[in-house]
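A look at the structure
What follows is the residue order along each chain.
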Amino acid sequence: PEPRNHTVLTGFVLSGLSRHPELKHLLFFTFCFIYIITIIGNLLIFMVTAHPSLNMPMYFFLRVLSFLDISTSSIVVPRMLLNLLLEDGSISYVGCTSQLYCVIFLAATECFILAAMAYDRYLAICNPLRYTIIMNSRACVSLVLLSFCSGNVVSMVQTAWVSSMPFCGLRNINYFFCDIPPLIMLSCSDTSLYEKQIIIAAALVILTPFCLILVSYACIISSILKISSAEGRHKTFSTCSSHLIVVTLYYASGTLTYLGPKSINSQETKKVLALMYTSVIPTLNPLIYSLRNKEVKGVLRKIIDEFRKI
């Protein structure tokens, strides 16, 4: 068939979460509440883990994770709420590509940060005598910078690749933010090459860190089983359980979004999965890490008591 004429797009239209107008007010108030909880919860975690008594690598990485969660939600949710409120999903081409770059950058960086956190737990449990020497402040900063640089490279390549596709005047994006899968669906050219490179990129960004996390936790579990007392095993595993929960939720939603089979991964399913890593998980992270961590809860009580005395 003859290719359609390529046109220069000035913008797109995001269809949003739902095509049912009667649900828009409910969705607006629900995700407005979730966004507020995300901001407050992650700012609280950031403030609590900055306490001098929590001057450890684990809490340094947790502060970085809170920053990434706040940023991801702030890139996606306010725009989604505005579209629900005004029923105007229009977004400029520059705005769409900027949002695409930011989401990929933050998501990829978080994948690497979660792997760095697993490595930190591995050293703390499996090599405690050398932990403070290996995991010094310079090593922590280097791991974070490496994660950010890797996320930036991945995002720049993917954004440039998607931006080079011809869209032929198609503007309606069946999604609530600009992401790779829905944008590729608008292209009038053969997208098989794009889809293959997305699978390769997703495998490198998602599966590679995930495999490193699995190896780390295999060594951690092996070390935990060698602890003689049941109390010691429980205490050691409790320091890792929070991270395991976050890793499971985050990597599962990302894997199904970008690597899930098309036969069971409809566009509506992709929306739900995308909501997981852009809205729900950033809200759950502060709850998971604070409710399951005695040190964080202890510092939080101290801060609350200090505010009461004022």
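Report follows, based on the coordinates. (Residues numbered from 1 in each chain as written. Predicted model: local features only at pLDDT ≥ 70, side-chain atom pairs only at ≥ 80, totals over all residues. Heavy atoms only, no water.)

A few points about the overall build of the chain
What counts, and what does not: A helix here means a DSSP run of H or I that spans at least four residues, while a strand means a run of E at least two residues long, and both kinds are numbered starting from the N terminus. The buried label goes to any residue with under 20% of its type's maximum accessible area, the exposed label to any with over 50%, and the partly exposed label to all in between, with areas taken from a 1.4 Å probe on protein chains only. Contact between two residues is taken to exist if any of their heavy atoms lie within 4.5 Å; hydrogens are not considered. All accessibility values rest on the Shrake-Rupley procedure with a 1.4 Å probe; residue burial counts only the protein chains present in the view.
Scanning the chain from N- to C-terminus turns up 10 helices and 3 strands. The helix and strand sequence of the chain, counted from the amino end, reads β-α-α-β-α-α-α-β-α-α-α-α-α. Along the first, second and third principal axes, the C-alpha set of the chain runs to 70 × 45 × 35 Å. Sorting the 310 residues of the chain into buried and exposed places 48% on the buried side. Put simply, of all contacts in the chain between residues at least 6 apart along the chain, 80% involve residues at least 24 apart. Element-wise, carbon and sulfur atoms account for 69% of the exposed surface of the chain, whose accessible area totals about 16,000 Å².

Examining the state of the cysteines
For the record, the criterion: When two cysteine sulfur atoms are found within 2.5 Å, that pair is recorded as a disulfide.
Under the counting rule described, the total for this entry stands at 1 disulfide. A disulfide bridge connects C96 with C178, and the sulfur atoms are separated by 2.0 Å. Of note, the bridge from C96 to C178 carries an S-S torsion of about -120° and is left-handed in sense. With C96 in helix α3 (residues 93-126) and C178 in the loop between β3 (172-173) and α6 (180-185), this residue pair connects regions lying 82 residues apart in the sequence. Of the residues examined, C178 reaches a relative accessible area of 0% and is grouped as buried. We note that C211 lacks a disulfide partner, and the nearest cysteine sulfur, in C111, lies 12 Å from it.

Observations concerning the packing of aromatic side chains
The condition that has to hold: For Phe, Tyr and Trp, where Trp contributes only its six-membered ring, two rings pair if their centres lie within 6.5 Å, and the inter-plane angle classes them as stacked under 30 degrees, edge-to-face over 60, or tilted in between.
The final tally for this structure, using the stated rule, is 14 aromatic pairs. An angle of 5° between the planes, with centres 6.0 Å apart, marks the rings of Y101 and F105 as stacked. Here Y101 and its partner F105 are both found in helix α3, 4 residues apart, which amounts to about one turn of the helix. Residue F105 is classed as buried on the basis of its relative accessible area, which comes to 17%. Note on W161 and Y194: the rings are 6.2 Å apart at their centroids and 75° apart in plane angle, and the pair reads as edge-to-face. Remark: Y194 occurs in helix α7 (residues 192-225) and W161 occurs in helix α5 (residues 137-163); sequence separation between them is 33 residues. By relative accessible area, which is 30% here, W161 ends up partly exposed. Judged by its relative accessible area of 13%, Y194 is buried.

Examining the environment of Y35
The residue Y35 is located in helix α1 (residues 24-49) in this model. C-alpha of Y35 to C-alpha of L81: the two residues are 46 residues apart in sequence and 9.7 Å apart in space. Ignoring any residue separated from it by four or fewer positions in sequence, one finds Y35 in contact with S73, S74, V77 and P78.

Comments concerning the sheet that holds strand β2 (residues 90-92)
Going by this rule: Should DSSP find at least two bridges between two strands, the strands are regarded as paired. Angular values range over 0 to 180 degrees, each being the angle between N-to-C directions of two axes fitted as lines to C-alpha atoms, with helices fitted over their stretch in contact.
In space, the 3 strands of this open sheet follow the order β2-β1-β3, with mixed pairing throughout. At either margin of the open sheet sits one strand with a lone partner, and together these are β2 and β3. Against the sheet, α3 engages β1 (11-14), β2 and β3, with an angle of about 85° to β2.

Observations concerning a nonpolar patch on the surface
The line we're drawing: Exposure above 30% relative accessible area and no salt bridge define the residues that can form patches, which grow by joining like charges within 9 Å and nonpolar side chains of Val, Leu, Ile, Met, Phe, Trp and Tyr within 5 Å. Whenever Lys or Arg places a side-chain nitrogen within 4 Å of a carboxyl oxygen from Asp or Glu, that contact is recorded as a salt bridge.
Among the surface-exposed residues, V153, V157, W161 and L193 lie close enough to one another that they form a single nonpolar patch of about 360 Å² accessible area. Per-element accounting of the nonpolar patch gives the leading share, 3 residues, to α5.

Things to note about the pairing of β1
Two strands pair when backbone bridges link them, and β1 and β2 are joined in this way by 3 bridges, in the antiparallel orientation. Bridging across to β2, F12 finds its partner in I91.

Considerations on the packing of helix α2 (residues 57-86) against α3
Basically, it comes down to this: An angle below 35 degrees is read as roughly parallel, one above 145 as roughly antiparallel, one from 65 to 115 as roughly perpendicular, and any other as oblique. Crossing handedness is read from the near helix: turned anticlockwise from the far helix by less than a right angle, it gives a left-handed crossing, and turned clockwise, a right-handed one.
Interhelical geometry of α2 versus α3 gives an angle of 160° and a closest axis separation of 10 Å. What the angle tells us is that α2 and α3 run roughly antiparallel. Judged by the twist between their axes, the crossing of α2 over α3 is left-handed.

Here we look at the environment of L183
Mapping L183 onto the fold places it in helix α6. In this structure L183 comes out as buried when scored by relative accessible area, which is 4%. The spatial distance from the C-alpha of L183 to the C-alpha of I173 is 6.8 Å, given a sequence separation of 10 residues. Beyond its immediate chain neighbours, meaning those up to four positions away, L183 contacts F12, C96, L100, V162, M165, F167, I173 and C178.

So, the nonpolar core
To keep it simple, the criterion reads: Put simply, buried Ala, Val, Leu, Ile, Met, Phe, Trp, Tyr and Cys residues joined by side-chain atoms within 4.5 Å make one nonpolar core.
In terms of nonpolar packing, the biggest core is built from 85 residues, with L114 and I173 touching the most fellow members. No other element matches α3, which puts 19 residues into this core. If near-sequence neighbours (up to four positions away) are discounted, L114 is found in contact with L65, I213, H243, V246, V247, Y250 and Y251.

Examining the pattern of salt bridges
Under the criterion given, the structure shown has 1 salt bridge. The salt bridge partner of D120 is R121, with a shortest N-O separation of 3.0 Å. Residue classification places R121 among the buried positions, given a relative accessible area of 10%.

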